[in-house]
Amino acid sequence: MITDETSPQDFVNDRQGDYSHIKGWGIDADVKNDPTYPIKKRNNDEHKGYTWERPDLQDETVEVLQSVERPNLTAVYGTSKPPKGLSGAIRRLAYKYSESSYGRWLPLILADRVDMIEGVLEDFASGHVPNIPKEVGLKSEWKYNKKGFLVKAAAGIVVTGLVLTYLMASSDKKPKHSES
């Protein structure tokens with residue numbers, strides 16, 4: 001299935017191996033244990049494969065990042081927020097890796113954080129001052145999870161203090177250049 005064209009034969013389940021060693025395998029083999037029994041009329045045609053026509057592909061009007069495991073675009077995909085800026089570059093890098101790889105998911109998490117910062121900078125550039133405490137849900141956090149809020153605040157203060165202490169200590173160790 002390397003092209004965009006698919007047929008019902010591409011979806012036929014022809015795996016005839018013994019999978020009884022897999023926990024839970026065949027759990028739905030007993031029709032009396034099927035939640036749709038006895039309402040569903042069984043004729044086993046659903047096991048022969050799909051018989052639907054593939055829908056027309058959506059027009060590609062923006063850059064769409066695509067998995068390396070998938071040779072073609074899906075018929076429909078989201079276009080509301082195409083990749084751009086530094087976060088887009090990080091996403092493009094991440095999409096070069098397999099979906100089962102940390103090289104894929106960790107950069108995507110980082111790209112989300114970078115995108116948030118880019119959004120705040122765009123707000124400032126357009127003359128809008130964002131209400132960051134409201135947008136990150138601090139009021140709800142304080143109302144429903146005071147202990148967690150205080151732990152996060154204390155951790156933030158400690159980390160900030162350690163970073164500032166390190167920066168001050170490293171600037172004191174730099175040799176002073178004397179002019180002769």
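The model shown is predicted, which means the values in this text are computed figures rather than measured ones.

### Details of the overall build of the protein chain
Of regular secondary structure, the protein chain possesses five helices and zero strands. From first element to last, N terminus to C terminus, the protein chain shows the α and β order α-α-α-α-α. Each of the 180 residues in the protein chain was classed as buried or not, and the buried ones make up 13%. A fraction of 40% describes how many contacts in the protein chain between residues 6 or more apart in sequence connect residues 24 or more apart.

### Structural notes on the pattern of salt bridges
According to the stated counting rule, one finds six salt bridges in the structure shown. With a shortest N-O distance of 2.9 Å, Glu63 and Arg92 are connected by a salt bridge. In this pair, Glu63 is assigned in the segment before α1 (85-94) and Arg92 in helix α1, connecting sequence segments 29 residues apart. A relative accessible area of 31% places Arg92 in the partly exposed class. The partner of Asp112 in a salt bridge is Arg91, with the nearest N and O atoms 2.9 Å apart.

### So, the packing of aromatic side chains
Under the counting rule described, the total for this entry stands at one aromatic pair. Where Trp142 meets Phe149, the ring centres are 5.4 Å apart and the plane angle is 75 degrees; that geometry is what we call edge-to-face. Lying across the ring of Tyr95, Arg104 places its NZ or CZ 4.1 Å from the centre. The ring of Trp105 carries Arg104 above its face, with NZ or CZ at 5.6 Å from the centroid.

Procedures and definitions
Residues numbered from 1 in each chain as written. Predicted model: local features only at pLDDT ≥ 70, side-chain atom pairs only at ≥ 80, totals over all residues. Heavy atoms only, no water. Helix = DSSP H or I, 4+ residues; strand = E, 2+ residues; numbered from the N terminus. Buried < 20%, exposed > 50% of the residue type's maximum accessible area, 1.4 Å probe, protein only. Contact = heavy atoms within 4.5 Å. Salt bridge = Lys/Arg side-chain N within 4 Å of Asp/Glu carboxyl O. Phe/Tyr/Trp six-rings, centres within 6.5 Å; stacked < 30°, edge-to-face > 60°. Lys NZ or Arg CZ within 6 Å of the ring centre and 35° of its normal.

The values reported here are purely geometric and, on their own, carry no functional implication.
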